[in-house]
Amino acid sequence: MKKTIIIRENRIDEAANALKEGKLVVFPTETVYGLGANAFDEEAVKNIFIAKGRPSDNPLIVHIANINQLKDLTGEIPEYAQSLIDAFWPGPLTLVMKKSDLVPEIITGGLDTVAIRMPSHPVALKLIKLSGVPIAAPSANISGRPSPTSEIHVVEDLSGRVDYILLAGDTSVGLESTVLDISGAIPQILRPGYITYEDIHEIIGQLKYDLHLTDKNITPKSPGMKYKHYSPKAKVIIVEGKYSRQKMTSMIDDYAEQGIKVGIMGTDELLKGFSGVVCCSLGDAKKISEVGNRLFRCLRDLDQQKVDVILAESFNREGLGVAIMNRLEKAAGYHIINSEEDMQ
Ligand code: TXA
Ligand code: MG
């Protein structure tokens, strides 16, 4: 066990110095908390993988605070990258580009590309600036668990495993960044996120999804997408279709008979029909960004309430719904029940 020092922004200098010295610092971003180390310090980066229990072939995102840092890290940058940078940085878009020789192999898992993003959270930007180096950072969860979006969840996972945890409340986006590969002929979304297909399409036109996002049998191009992910301890089942509420009610009854404790995760509209069941609200059904913001928090909160099974509402796979359903399907191990098939 390491001694972890938990601080807030007023002690950000300490955290920046720790990064310079090769230590591990957990810090907030607008998407989820990140587990950072100096990207040029191989030993420090190695320790990220140990602290998270992360497979070493899963490459890391490098976080920068200004455009000069981008030039150090990349080889060739396609011309249209500038319009993406102008439109979305700082913000939740990660760009995968050809890497420069300065980027250690441990960051890229041996790939010839590197993933880079400039976060918009003011504390993240300040920390990177003060440290003076690009910061490699995966999400600050134990590998396989939902990414932490609140203080209690980040402390729960990484206290005793890192040198510093810099806290700044809940993150605002709640889902990890969109990962866009611009190293090939046609830009490809490797991981859907807050910046949607439509948002990117508006800026650059030509664009596609990595095939694995539409066909589960295809190996994802982004190594991290192939691992089991976002999993709470409870079993998650997605219930979709127009009879979801009725289906969930009958499932709750069946589980109750077997002594299995159920939690429901859905928007207020769905939840108002349930009483005497543990529920976690994903907010207003009309505000899809609220659903994204609360998704990981709910998975972890329901775990804390020691439910055995989580029944989750399903969302339209359009706009931000693509990223929400991507995370939810992984959390559920693709276990989806269509309420219309057996409730008619
Ligand atoms: O919002 C976020 O992106 C958060 C915050 C902390 O910035 N970070 C994050 O990192 O989600 P992580 O390590 O949990 O996810 C990084 C994803 C993984 O799926 C990884 O495989 C992919 O990015 N990735 C990293 N480098 C890559 C590369 N060179 N080529 C393809 N995919 C890459
Ligand atoms: Mg992650």
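Here's a quick rundown of the structure. (Residues numbered from 1 in each chain as written. Chains lettered and ligands numbered in written order. Predicted model: local features only at pLDDT ≥ 70, side-chain atom pairs only at ≥ 80, totals over all residues. Heavy atoms only, no water.)

### Observations regarding the site of ligand 1
Turning to step 1, where the next piece is worked out: Around ligand 1, 28 residues are found, and the nearest of them are T31, R54, H63, S177 and G224.
Turning to step 2, where the next piece is worked out: Between H63 and ligand 1, the recorded distance is 2.6 Å, taken from a side-chain N or O atom to an oxygen atom.
Turning to step 3, where the next piece is worked out: The separation between an oxygen atom of ligand 1 and a polar side-chain atom of S177 is 2.6 Å.
Turning to step 4, where the next piece is worked out: Contact with the protein chains removes 97% of the 680 Å² of surface that ligand 1 exposes when unbound. (Near = heavy atom within 4 Å. Polar contact = N/O pair within 3.5 Å; in protein donor to acceptor, adjacent residues only side chain to side chain. Areas by Shrake-Rupley, 256 points an atom, 1.4 Å probe, with all protein chains shown as cover.)

### What to know about the environment of H229
Turning to step 1, where the next piece is worked out: Its location among the elements puts H229 in the loop between β11 (208–209) and β12 (235–240).
Turning to step 2, where the next piece is worked out: Residues H229 and G333, 104 residues apart in the sequence, show an inter-C-alpha distance of 8.6 Å.
Turning to step 3, where the next piece is worked out: Those residues in contact with H229, other than ones at most four positions away along the chain, are G144, G224, K330 and A331. (Helix = DSSP H or I, 4+ residues; strand = E, 2+ residues; numbered from the N terminus. Contact = heavy atoms within 4.5 Å.)

### Digging into unusual backbone geometry
Turning to step 1, where the next piece is worked out: Residues W89 and P90 are joined by a peptide bond in cis, for which omega reads -10 degrees.
Turning to step 2, where the next piece is worked out: As for its placement among the helices and strands, P90 is situated in the loop between α4 (81–88) and β5 (93–98).
Turning to step 3, where the next piece is worked out: With a phi angle near 60 degrees, K306 is a residue other than glycine that sits in the positive phi range.
Turning to step 4, where the next piece is worked out: By the element assignment, K306 lies in the loop between α11 (288–304) and β15 (309–313).
Turning to step 5, where the next piece is worked out: K306 sits in the exposed class, given a relative accessible area of 65%.
Turning to step 6, where the next piece is worked out: Positive phi, close to 60 degrees, is recorded for Y334, a residue that is not glycine.
Turning to step 7, where the next piece is worked out: Summarising the element assignment, Y334 is placed in the loop between α12 (321–331) and β16 (336–338). (Buried < 20%, exposed > 50% of the residue type's maximum accessible area, 1.4 Å probe, protein only.)

### A look at the sheet that holds strand β14 (residues 278–281)
Turning to step 1, where the next piece is worked out: The strand order across the open sheet formed by five strands is β14-β13-β15-β12-β16, and the pairing between neighbours is parallel. The sheet is open, and its two edges are formed by β14 and β16, each paired on a single side. Strand after strand, the sheet turns through a mean of 25 degrees between neighbouring axes, direction not considered.
Turning to step 2, where the next piece is worked out: Of the strand pairs in this sheet, β12 and β15 are connected by five bridges, and their pairing is parallel. Along β15, the bridge assignment pairs I238 with A312.
Turning to step 3, where the next piece is worked out: Where helix α9 (residues 244–257) meets the sheet, its contacts fall on β12, β13 (262–266), β15 and β16, and the angle it forms with β12 comes to roughly 145 degrees. (Pairing = 2+ DSSP bridges. Axes fitted to C-alpha atoms, helices over the stretch in contact; angles between N-to-C directions.)

### Structural notes on the pairing of strand β9 (residues 178–181)
Turning to step 1, where the next piece is worked out: Burial along β9 is two-sided: T178 and L180 and V179 and D181, pointing in opposite directions, are all buried.
Turning to step 2, where the next piece is worked out: Pairing between β5 and β9: four bridges, direction parallel. Each bridged residue has a counterpart across the sheet, and for L93 the counterpart in β9 is T178.
Turning to step 3, where the next piece is worked out: Examined bridge by bridge, β9 and strand β10 (residues 188–191) share three bridges and lie antiparallel to one another. Opposite V179, over in β10, you have R191 as the bridge partner.

### Examining the sheet that holds β9
Turning to step 1, where the next piece is worked out: Overall, mixed pairing links the eleven strands, which are arranged β1-β8-β2-β3-β7-β4-β6-β5-β9-β10-β11 in an open sheet. Edge positions in the sheet fall to β1 (5–7) and β11, since each has one partner strand and no second.
Turning to step 2, where the next piece is worked out: Relative to strand β7 (residues 135–136), strand β4 (residues 61–63) runs antiparallel, the two being bridged by two bridges. When the bridges of β7 are listed, H63 appears paired with I135.

Shape descriptors only; they carry no functional weight alone.
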